[in-house]
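One letter stands for each residue in the lines below.
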Protein chains: 6
Amino acid sequence: MWTHFDEEGRPQMVDVSGKAPNLREAWAEGWVRVTVPILEALQGHTLKKGDPFPVAELAGIQGAKQTWSLIPLCHPLRLDQVEVRCELVPHRCSVRILSHSVATEATGVEMEALMAVSVAALTLYDMCKGLDKGMVLESIRLLRKTGGKSGTWSCDG
Amino acid sequence: MWTHFDEEGRPQMVDVSGKAPNLREAWAEGWVRVTVPILEALQGHTLKKGDPFPVAELAGIQGAKQTWSLIPLCHPLRLDQVEVRCELVPHRCSVRILSHSVATEATGVEMEALMAVSVAALTLYDMCKGLDKGMVLESIRLLRKTGGKSGTWSCDG
Amino acid sequence: MWTHFDEEGRPQMVDVSGKAPNLREAWAEGWVRVTVPILEALQGHTLKKGDPFPVAELAGIQGAKQTWSLIPLCHPLRLDQVEVRCELVPHRCSVRILSHSVATEATGVEMEALMAVSVAALTLYDMCKGLDKGMVLESIRLLRKTGGKSGTWSCDG
Amino acid sequence: MWTHFDEEGRPQMVDVSGKAPNLREAWAEGWVRVTVPILEALQGHTLKKGDPFPVAELAGIQGAKQTWSLIPLCHPLRLDQVEVRCELVPHRCSVRILSHSVATEATGVEMEALMAVSVAALTLYDMCKGLDKGMVLESIRLLRKTGGKSGTWSCDG
Amino acid sequence: MWTHFDEEGRPQMVDVSGKAPNLREAWAEGWVRVTVPILEALQGHTLKKGDPFPVAELAGIQGAKQTWSLIPLCHPLRLDQVEVRCELVPHRCSVRILSHSVATEATGVEMEALMAVSVAALTLYDMCKGLDKGMVLESIRLLRKTGGKSGTWSCDG
Amino acid sequence: MWTHFDEEGRPQMVDVSGKAPNLREAWAEGWVRVTVPILEALQGHTLKKGDPFPVAELAGIQGAKQTWSLIPLCHPLRLDQVEVRCELVPHRCSVRILSHSVATEATGVEMEALMAVSVAALTLYDMCKGLDKGMVLESIRLLRKTGGKSGTWSCDG
């Protein structure tokens with residue numbers, strides 16, 4: 001169902017005025033595949049001094065709050081919480097980013113969770129690109145969402 | 001080189017005050033892997049009525065202009081041009097997104113190109129998620145950049 | 001009644017803390033009077049390739065979401081829906097723009113509807129100004145609003 | 001010439017990377033036609049206490065600075081100056097709004113001048129709508145622009 | 001209690017999803033200590049022509065509405081009202097700024113009240129800095145807040 | 001000299017179109033006076049786990065980039081660098097915040113330096129307010145600025 005186009009094909013926001021607010025949650029993940037020199041720098045860095053992960057996590061939280069202004073047909077909403085977490089996965093030579101967003105609204109928070117992951121990943125890219133520009137953002141996707149008329153959805157695995 | 005941390009590990013913007021502006025360009029790409037029903041809907045839709053691609057392309061352009069506010073240590077800059085293009089690649093069951101950003105500045109436009117692709121991809125996700133939430137953003141990466149002291153850089157292939 | 005000034009003449013937001021949220025709707029319209037060459041280009045363009053109308057409609061939707069940040073004494077609110085529609089009215093050599101905004105809030109959405117029309121009109125101007133700068137925005141006004149203590153209001157005709 | 005669409009009809013920003021910055025100026029005007037009670041209130045108000053004109057003028061200045069984020073294909077630029085002026089024109093039962101914008105850039109400031117007038121007009125509407133919602137924004141147009149390859153342009157009269 | 005860090009020390013937004021909205025109010029104050037020439041200019045100015053106080057008050061109101069985007073771990077919320085008031089206190093050679101913010105939300109509005117005072121103070125600084133740059137912002141603090149689980153809080157005096 | 005009002009007392013941006021860009025720098029400082037329990041928590045916290053200082057420093061950098069949108073008559077500009085540093089000063093039971101901003105522009109960066117300090121201070125307040133709301137922002141002021149027609153200025157001490 002093309003919820004974002006009317007019968008004549010014009011873009012539109014979905015009308016949520018008849019829907020009661022309820023608790024909505026969404027979890028998303030993404031990966032930043034790095035080169036070995038960046039991996040080693042990240043391993044050393046988090047132990048010694050300076051740490052790009054809190055910078056990326058904060059940027060992800062702030063990015064989630066801007067979802068409504070960046071995605072044209074998204075609704076403005078009041079987020080109850082956003083969490084973003086970066087973790088190094090050395091055997092995949094990658095950083096894994098996880099996000100969780102919560103709101104009590106008439107519309108879901110999937111886009112907020114995905115935006116949090118994306119902005120955190122881009123922030124990591126920005127901070128590490130002086131070492132090597134060959135990083136790749138991989139597998140940014142929704143893991144799970146709850147609440148709303150359509151209820152719970154989980155990715156396949 | 002950790003350009004975004006000072007000697008004590010504090011996050012910082014790179015000082016570009018001594019650098020002369022010159023022409024900077026960057027190209028980035030990314031993929032949205034969709035399900036077969038979405039692929040078919042996109043194929044039919046672009047021919048008949050309504051088209052999510054221009055919506056995503058516009059959102060990508062506008063997102064690129066917000067890069068400095070979303071990525072904490074990015075510099076504000078004046079973009080000379082941003083282009084975003086979505087194209088259906090049926091045999092990969094995916095949409096490919098390409099971006100190109102240009103500025104005459106003392107700092108590069110790689111992040112702007114990557115932001116354009118990411119916001120366009122998330123906008124596509126938003127518009128198609130009523131059909132299926134199992135889409136995945138894949139391989140968002142820099143293809144090439146020119147200008148600046150470090151000159152031209154291209155991805156491996 | 002000067003709702004936006006206190007007894008000493010200082011600007012203020014209207015206090016809506018005692019008011020219960022209810023369904024608010026507003027409809028607005030405006031016209032962009034174009035020159036004949038632009039009219040002809042728009043007629044040909046919408047049929048052939050490229051179409052400034054969806055760009056303007058999207059910009060109007062996004063502008064409506066920014067009303068609270070642009071109009072100093074407006075309240076931030078959660079829009080349930082915004083629609084914007086451009087249509088060519090050849091015998092008036094004009095584009096007519098209509099908007100509809102909806103929220104379940106303690107404050108009305110008239111300004112959001114008017115902002116949507118204005119930003120859509122300015123976006124059309126921007127896209128057509130390479131052809132001729134002599135376009136004029138005409139008759140931007142509220143058509144109707146419902147909800148709230150003051151109830152329904154309609155323009156004279 | 002459709003400067004904002006490429007050969008395939010996709011929306012695009014105009015590439016200004018080859019253009020040298022030079023002094024650009026633009027002047028715009030618009031009218032807010034008010035009802036007699038609002039006219040009388042504005043006449044009394046500006047003399048006694050509280051004055052909606054500075055509020056609208058400031059909002060217009062701030063709106064001009066947001067033009068690049070509101071109009072999808074506009075370039076970000078550094079405004080050297082923006083002026084907005086509201087004046088009561090009693091025999092037309094209207095407020096006239098004039099703006100002037102200046103930048104030393106590779107792209108013009110027409111949209112900034114028009115945005116300043118539009119946001120100032122909407123702000124006036126917002127502050128007076130408690131008295132009567134039947135106001136109409138009329139004849140928002142460019143008066144004159146100078147600078148750039150196309151040089152000086154003036155409206156007909 | 002470190003409400004803004006999880007057990008591992010990562011920054012986080014406080015989860016307010018289980019909290020019922022109720023009426024929240026906050027009052028804040030701050031001082032801008034000026035030099036004698038600025039004091040005299042302000043005294044003369046407010047009587048004669050032009051007045052920096054409404055400009056600062058408006059900027060404070062608009063700044064309060066941006067609190068959620070400026071303070072990384074603040075929640076977006078719908079403000080019911082914001083008031084800002086500047087007053088000259090000649091015997092302290094200072095401008096006193098008072099703010100009051102109101103919302104019906106699951107989270108408090110202390111930061112909004114403090115942001116309103118801070119942005120108003122900085123705006124005053126900006127407008128008077130042509131006369132003397134030696135102004136100092138002093139004693140920006142919360143005066144009182146009501147509502148929420150923790151109830152009423154008042155500063156010592 | 002009231003640079004922000006014209007002869008009739010209307011607020012205006014200063015016209016910088018005739019001024020050549022040159023290197024501008026500004027340094028500002030401010031203090032957050034905390035209670036003893038917060039001081040002890042900050043001392044323990046920075047050693048063990050979680051640290052509010054990088055969060056505040058990042059928020060200050062991002063706030064500086066928004067100066068033009070928050071201060072009504074400020075010019076948009078391209079910052080070459082912003083640095084913000086928080087340090088605990090136990091014998092004053094305070095956090096000292098220092099900022100440094102740099103741009104190559106026709107207008108100064110004093111407001112950007114002061115905004116960086118203010119937003120960093122408010123962010124600290126936000127993160128510590130769960131422990132005690134009685135913190136006070138003290139002595140936010142410009143330390144020094146260089147560049148521009150008026151040259152170097154330093155505070156008295």
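Conventions adopted
Residues numbered from 1 in each chain as written. Chains lettered and ligands numbered in written order. Predicted model: local features only at pLDDT ≥ 70, side-chain atom pairs only at ≥ 80, totals over all residues. Heavy atoms only, no water. Salt bridge = Lys/Arg side-chain N within 4 Å of Asp/Glu carboxyl O. Helix = DSSP H or I, 4+ residues; strand = E, 2+ residues; numbered from the N terminus. Contact = heavy atoms within 4.5 Å. Buried area = accessible area lost by both parts, 1.4 Å probe. Polar contact = N/O pair within 3.5 Å; in protein donor to acceptor, adjacent residues only side chain to side chain. Nonpolar A, V, L, I, M, F, W, Y, C, P; charged D, E, K, R; others polar. Least-squares fit on C-alpha atoms with pLDDT ≥ 70 in both. Buried < 20%, exposed > 50% of the residue type's maximum accessible area, 1.4 Å probe, protein only.

J.: Explanation requested: the pattern of salt bridges in the structure shown.
T.: Any two side chains of opposite charge can pair, so long as their charged atoms come close to each other. Enumeration over the complete set of coordinates arrives at 60 salt bridges over all chains. Its salt-bridge partner being A:Arg96, residue A:Glu29 comes within 2.7 Å of it at the nearest N-O pair. On the criterion of sequence distance, the pair formed by A:Glu29 in strand β1 (residues 22–33) and A:Arg96 in strand β3 (residues 94–105) is long-range, its members being 67 residues apart. Between C:Glu8 and E:Arg85 there is a salt bridge; the shortest N-O distance is 3.2 Å. Taken together, the residues span two chains, with C:Glu8 in the segment before β1 (22–33) and E:Arg85 in strand β2 (residues 79–89).

J.: Looking at this structure, how should I read the interface of chain B and chain A?
T.: It is common to give the size of an interface as the accessible area lost on bringing the parts into contact. At the junction of the two partners, chain B supplies 50 residues and chain A supplies 51 residues. Between chain B and chain A the total buried area reaches about 4400 Å² when both faces are included, carbon and sulfur atoms providing 71% of it. Taken together, the links from chain B to chain A amount to zero salt bridges. Our enumeration of links across chain B and chain A arrives at six residue pairs in polar contact (both at pLDDT 80 or more). Contributions of two or more residues to the side of chain B that touches chain A are made by α1 (36–47), α2 (52–65), α4 (110–128) and β4 (136–146) of chain B. Broken down by element, the residue count for the side of chain B that touches chain A peaks at 12 residues, all from α4(B). Tallied by class, residues from the side of chain B that touches chain A come to 29 nonpolar, 11 polar and 10 charged.

J.: Whenever I open this one, the relation of the copies chain B and chain A confuses me. Can you help?
T.: Note on the chain copies: they are related by a rotation about an axis and a translation along it. When chain B is fitted to chain A, the best match, at an RMSD of 0.0 Å, comes from turning it 180° and sliding it 0.0 Å along the axis. Both chain copies can therefore be described as sitting about a two-fold axis. Proximity to the rotation axis, assessed at the C-alpha, singles out B:Glu138 in chain B; its C-alpha lies 2.4 Å from the axis. By residue overlap, the copies meet face to face through one surface: 100% of the interface positions of chain B are interface positions in chain A.

J.: Help me understand the side chain of B:Asp126, please; the structure alone is not making it clear to me.
T.: Counting through the fold element by element, B:Asp126 comes out in helix α4. By relative accessible area, which is 1% here, B:Asp126 ends up buried. Apart from the residues within four sequence positions on either side, B:Asp126 is in contact with A:His4, A:Ile71, A:Leu73, A:Cys74 and A:Met111.

Such coordinate-based values are descriptive only and should not be taken to indicate function.
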